[in-house]
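# Chains, contacts and geometry: an overview
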Amino acid sequence: MAKFDGIVGKALLTVEEKENELTLVFADNRYLFVKLENGKIHSDSVPE
């Protein structure tokens, strides 16, 4: 998916875990937020 092109091939630096949420931090200050809301998985990447 084009939404995730910015993180393809980037090194994963850290993973932060919160209740119903994972934050994946990649090289070049790129973030992927994965959340569980109402039984569905939602994801956002910054920057897109």
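Everything below is about the structure printed above this text.
All values derive from a computational prediction rather than experimental measurement. Here, residues in each chain are numbered from 1, in the same order as that chain's written sequence. Residues qualify for local features only when their pLDDT is at least 70, as the model is predicted, and side-chain atom pairs are given and counted only at 80 or more; totals for whole chains, interfaces and linings, by contrast, use all residues. Hydrogens and water are ignored here; the side-chain numbers use all heavy atoms of the structure.

## So, the pattern of salt bridges
In what follows, salt bridge is the name for a side-chain nitrogen of Lys or Arg lying within 4 Å of a carboxyl oxygen of Asp or Glu. Inspection of every chain in the model, using the stated rule, returns one salt bridge. With its nearest N and O atoms 2.7 Å apart, the salt bridge here joins D28 to K10. Linking D28 in the loop between β2 (21-26) and β3 (30-37) with K10 in the segment before β1 (12-18), this pair joins segments that are 18 residues apart in sequence. When its relative accessible area of 30% is taken as the criterion, K10 is described as partly exposed. Only DSSP runs of H or I reaching four residues or more are called helices, and only runs of E reaching two or more are called strands; each is numbered from the N terminus. Relative accessibility thresholds used throughout: buried, under 20% of the residue-type maximum; exposed, over 50%; partly exposed, between the two (1.4 Å probe, protein chains only).

## Describing the environment of E19
Mapped onto the secondary structure, E19 falls in the loop between β1 and β2. We classify E19 as exposed; its relative accessible area is 74%. Between the C-alpha atoms of E19 and L36, which are 17 residues apart in sequence, the distance is 8.9 Å.

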